[in-house]
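The chain contents come next:
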Amino acid sequence: MNRWLLQLLVGLFLFVPGLARAQELPAGSCSGSFVNPITDVCWGCMFPLSVGGLKIWPSSRADTNNPDSPICLCGSPIPRIGIAMGFWEPARLIDVTTKPFCFPNLGGIKLNPGLSMGGGYAANTGSNGGTDTAKYHVHYYVYPLLYWMEILTDFLCFEQASFDVAYMTEIDPLWQDDALTTLINPEALIFANPLAQAACAADCVAATAALPLNELFWCSGCQGSMYPLNGNIGASTGMTQSGRLAAERMVYKMHRQALGWGTMGSKALCGKYVMPILKKSQYRLQQVNPTPMVSGRESCSPIGGSVLLPRAARTYPVKGEDMGFLLWRKRNCCVL
């Protein structure tokens, strides 16, 4: 479905009387809060800040490789000289919930469009003591926070966009069915074997210590397998792990559908580029709902990083089961 149709659908739900009705049932109620840019954002996640290969504002968090030269050339037909800068920007918001049309990052509003999409679940033990599984719905928002706050009004590297609900999985049949989602990730069949999944242990260690291994693109580190690219989690050890995996799969799904772009490395200095195979090191995830994580090295860990570290597990029963994440994106840009 085209992006403008998604916007129209959300607009109708929000503004046409009778379509959006708050749910009052305690068991299925939606919880959440709007992100406060002052108190809920880990501004330390913006660093390190680099010019070329030199870090002018260092950080304890691992960083991707930056262009060696501080000088860059962009523009056509006459190239212009600029400065190659690297930084991390808060660019997207992600909802993860077991309740259809529940929006934790929009204050916990729950819409009732009259459509039966089926609810999700978490840590539902299978029969005969089988593996716990989970199923989530996910929403993906355009959220260029630095541009809105006008920290640097003439800094062209900031994404100049408005808030937008870019994707809702409730109306995506590929998100509901493992067979249908192979239309966008047919290579999942290659990695559906014990040997390929065992390699994810190395990605778990790398992502927890520094950065994930981009070569193991089928892995989400400590969270498990990236495939299938939907909200059906085959091995859940708790909502913190399985909910984060659903968010990480959504990031990959956006890249596979050309709604996410490459923004890091020398290739991105003069503009974004297509990245159908996700380079996981481009992103960090910060939990902002139900409880914001705003301090500590693990407050915005990379894709696949462990959720067992101190201050990492912040979900709780009933009101703390609807999660929200702020997605930080590495940006290399030629400042002209």
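This text goes with the structure placed above it.
All of these numbers come straight from a predicted model, not from anything done at the bench.

K.L.:
Please clarify how the overall build of the chain should be interpreted in this entry.
P.N.:
A tally of regular secondary structure across the chain gives 7 helices and 16 strands. Across the 336 residues that make up the chain, the buried fraction comes to 51%. The long-range share in the chain, meaning contacts at least 24 apart out of those at least 6 apart in sequence, stands at 69%. For the chain, the computed accessible surface area is about 14800 Å², with 63% contributed by carbon and sulfur atoms.

K.L.:
Got a minute to help me understand the pattern of salt bridges in this structure?
P.N.:
Any two side chains of opposite charge can pair, on the condition that their charged atoms come close. One pass over the full model with this rule turns up 13 salt bridges. We note a salt bridge from Glu159 to Arg329, for which the minimum N-O separation is 3.3 Å. In this pair, Glu159 sits in the loop between α2 (145–149) and β10 (164–168) while Arg329 sits in strand β16 (residues 323–335), placing the two residues 170 residues apart along the sequence. Classification of Glu159 by relative accessible area gives buried; the value is 15%. Here Lys253 makes a salt bridge to Asp172, at a shortest N to O gap of 2.9 Å. Note that Lys253 is positioned in helix α7 (residues 239–256) and Asp172 in the loop between β10 and α3 (173–176), a separation of 81 residues in sequence.

K.L.:
How should the nonpolar core be read in this particular structure?
P.N.:
The tendency in soluble globular proteins is for nonpolar side chains to be buried as a group. Judged by nonpolar contacts, the single largest core of 43 residues is most densely connected at Ile94, Val96, Tyr136, Tyr140, Trp218, Tyr227 and Leu278. The element contributing the most residues to this core is α7, with 8 residues. Non-local contacts of Tyr227, meaning those with residues more than four positions away in its chain, are made with Asn185, Glu187, Ala188, Phe191, Phe217, Trp218, Arg249, Tyr252 and Arg256. Residues Cys42, Cys45, Met85 and Met168 belong to the second largest nonpolar core, which totals 28 residues.

K.L.:
For this particular structure, what's the right way to read α7?
P.N.:
The α-helix advances 3.6 residues per turn, and as a result positions three or four apart in sequence lie on the same side. The end-to-end C-alpha distance of α7, which contains 18 residues, comes to 25 Å, matching closely the 26 Å that a straight helix rising 1.5 Å per residue would cover. The buried count for α7 comes to 18 of 18 residues, which makes it a mostly enclosed element. The positive-phi residue at the C-terminal boundary of α7 is Ala258, with phi of around 60 degrees.

K.L.:
It is not clear to me how the side chain of Asn185 should be interpreted in this structure. Could you clarify?
P.N.:
With respect to the helices, strands and loops of the structure, Asn185 is situated in the loop between α4 (178–181) and α5 (194–198). The class for Asn185 is buried, based on a relative accessible area of 0%. With residues up to four places along the chain from it excluded, the contact list for Asn185 reads Tyr227, Pro228, Leu229 and Arg256.

K.L.:
In this structure, what is going on with the packing of aromatic side chains? I would like to understand it.
P.N.:
Any aromatic ring pair is given by two values, namely how distant the centres are and how the planes are angled relative to each other. Going through the model one piece at a time under the given rule, you end up with 12 aromatic pairs. Each ring, one from Phe191 and one from Trp218, has its centre 4.3 Å from the other, and the planes form 10 degrees; the classification is stacked. Linking Phe191 in the loop between α4 and α5 with Trp218 in the loop between α6 (200–209) and β11 (232–233), this pair joins segments that are 27 residues apart in sequence. By the burial criterion, Phe191 is buried, and Trp218 matches it. Site record: aromatic cluster; members linked through ring pairs are Phe191, Phe217, Trp218, Tyr227 and Tyr252.

K.L.:
How should the state of the cysteines be read in this particular structure?
P.N.:
By definition, a disulfide links the sulfur atoms of two cysteines through a covalent bond. One pass over the structure, following the stated rule, counts 7 disulfides. The partner cysteine of Cys157 in its disulfide is Cys333, sulfur to sulfur 2.0 Å. Between Cys157 and Cys333, the S-S torsion sits near -90 degrees, and that sign places the bridge as left-handed. Of this pair, Cys157 sits in the loop between α2 and β10 while Cys333 sits in strand β16, and the two are 176 residues apart along the sequence. Under the relative-accessibility criterion, Cys157 is labelled buried at 1%.

K.L.:
Before we go on, may I ask you to explain the side chain of Lys280 in this structure?
P.N.:
Positionally, Lys280 belongs in the loop between β13 (273–274) and β14 (283–289). At 2.7 Å, the side chain of Lys280 and the backbone oxygen of Leu216 are in polar contact. Residue contacts for Lys280: discarding those within four places in its chain leaves Asp203, Pro212, Leu213, Asn214, Leu216, Phe217, Cys219, Met226 and Ile303.

K.L.:
Could you clarify how one ought to interpret α6 in this entry?
P.N.:
Listed in full, the buried residues belonging to α6 are Cys200, Asp203, Ala206 and Ala207. Axial view of α6: buried residues confined to an arc of 115 degrees, hence all on one face. In α6, those exposed residues whose orientation departs by more than 90 degrees from the buried face are Val205 and Ala209. Buried-residue contacts for α6 involve α5 and β15 (300–302).

K.L.:
Explanation requested: the pairing of strand β2 (residues 54–57) in the structure shown.
P.N.:
Remark: a regular strand shows side chains that alternate across the two faces of the sheet. Across 3 bridges, the pairing between strand β1 (residues 49–51) and β2 is antiparallel. Bridge pairing links Ser50 to Lys55 in β2. The antiparallel pairing of β1 with β2 creates a hairpin that spans 2 residues between the two strands, and Gly52 there sits at a positive phi of about 65 degrees.

Here is what the cut-offs are and how they apply
Residues numbered from 1 in each chain as written. Predicted model: local features only at pLDDT ≥ 70, side-chain atom pairs only at ≥ 80, totals over all residues. Heavy atoms only, no water. Helix = DSSP H or I, 4+ residues; strand = E, 2+ residues; numbered from the N terminus. Buried < 20%, exposed > 50% of the residue type's maximum accessible area, 1.4 Å probe, protein only. Contact = heavy atoms within 4.5 Å. Areas by Shrake-Rupley, 256 points an atom, 1.4 Å probe, with all protein chains shown as cover. Salt bridge = Lys/Arg side-chain N within 4 Å of Asp/Glu carboxyl O. Core = buried A, V, L, I, M, F, W, Y, C linked by side-chain atoms within 4.5 Å. Expected span 1.5 Å × (residues − 1). Phe/Tyr/Trp six-rings, centres within 6.5 Å; stacked < 30°, edge-to-face > 60°. Disulfide = S-S within 2.5 Å. Polar contact = N/O pair within 3.5 Å; in protein donor to acceptor, adjacent residues only side chain to side chain. Arc of directions from axis to C-beta. Pairing = 2+ DSSP bridges.

Purely geometric numbers; function is a separate question.
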